[in-house]
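Structural description and commentary
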Amino acid sequence: QLALSDRSDFAILLQSAGVDMSRLAADMARSADKLPYGSTSIEEFSDHIFHAVQSAWSFGSLEFNQQEVRSAYILLGAMKEPVREALLLKISLEFAKIDPEAMSGQLDDLLAQSIEGGGSATS
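What this report covers is the structure whose coordinates are included nearby. Since we're looking at a predicted model, the values are computed, not measured.

This paragraph deals with the packing of aromatic side chains. Using the criterion set out here, one finds three aromatic pairs in the structure. Relative to F64, the ring of F59 has its centre 5.6 Å away and its plane inclined at 80°; by these criteria the two rings are edge-to-face. The residues F59 and F64 share a single accessibility class, namely buried. By relative accessible area, F59 is classed as buried at 8%.

And the structure:
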């Protein structure tokens, strides 16, 4: 859903990185269809989400002195951690176009039109 929201941090960063949104959407749909059904698979999946959000909070608070979890922090934080980066790349190789180091230094400019956080990632 974050990728589909036109002005979310997440969508803006994907577009800025040159991600092919139609290819990403197809890859995500294909990956979702491959997920096993049942409570065990949901627990494993939600554990990754929990840790990604936890890492995003750490990333946002340490790197940008923010107390909110923005989708930019989820994406960039995940791309900076080998396990979560590998999971994203398993979903779609389009995520390889994202350079978290370069984007971290440009967040205010990149996210000026974001609907998250009043438009400022590092205020």
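Our next topic: helix α1 (residues 9–16). Three- or four-residue spacings in an α-helix give side chains the same orientation, since the helix completes a turn every 3.6 residues. For α1, the buried fraction is high: six of the eight residues fall into the buried class. Here the buried face of α1 lies against α2 (21–34), α4 (71–79), α6 (100–104) and α7 (107–110). Phi for G18, located one or two positions after α1, is positive at around 80°.

What follows covers the nonpolar core. Grouped together as the largest cluster of nonpolar side chains are 24 residues, with contacts concentrated most on L13, L14, L75, F95, I98 and L107. Going through the elements one at a time, α1, α3 (39–64), α4 and α7 are the ones with two or more residues in this core.

What follows covers the environment of A86. By secondary structure assignment, the location of A86 is in helix α5 (residues 82–91). The class for A86 is partly exposed, based on a relative accessible area of 45%. C-alpha of A86 to C-alpha of A96: the two residues are 10 residues apart in sequence and 9.7 Å apart in space.

It is worth spelling out the packing of α1 against α4 at this point. Across the interface, α1 lies against α4 with an axial gap of 7 Å and an inter-helix angle of 50°. When the interaxial angle is binned, α1 and α4 end up oblique. The segment α1 lies against α4, with D9, F10, L13 and L14 engaging S71, A72, L75 and L76. Within the contact of α1 with α4, the residues separate by chemical class into six nonpolar, one polar and one charged.

Parameters and conventions
- Residues numbered from 1 in each chain as written.
- Predicted model: local features only at pLDDT ≥ 70, side-chain atom pairs only at ≥ 80, totals over all residues.
- Heavy atoms only, no water.
- Phe/Tyr/Trp six-rings, centres within 6.5 Å; stacked < 30°, edge-to-face > 60°.
- Buried < 20%, exposed > 50% of the residue type's maximum accessible area, 1.4 Å probe, protein only.
- Helix = DSSP H or I, 4+ residues; strand = E, 2+ residues; numbered from the N terminus.
- Contact = heavy atoms within 4.5 Å.
- Core = buried A, V, L, I, M, F, W, Y, C linked by side-chain atoms within 4.5 Å.
- Axes fitted to C-alpha atoms, helices over the stretch in contact; angles between N-to-C directions.
- Parallel < 35°, antiparallel > 145°, perpendicular 65-115°, else oblique.
- Nonpolar A, V, L, I, M, F, W, Y, C, P; charged D, E, K, R; others polar.

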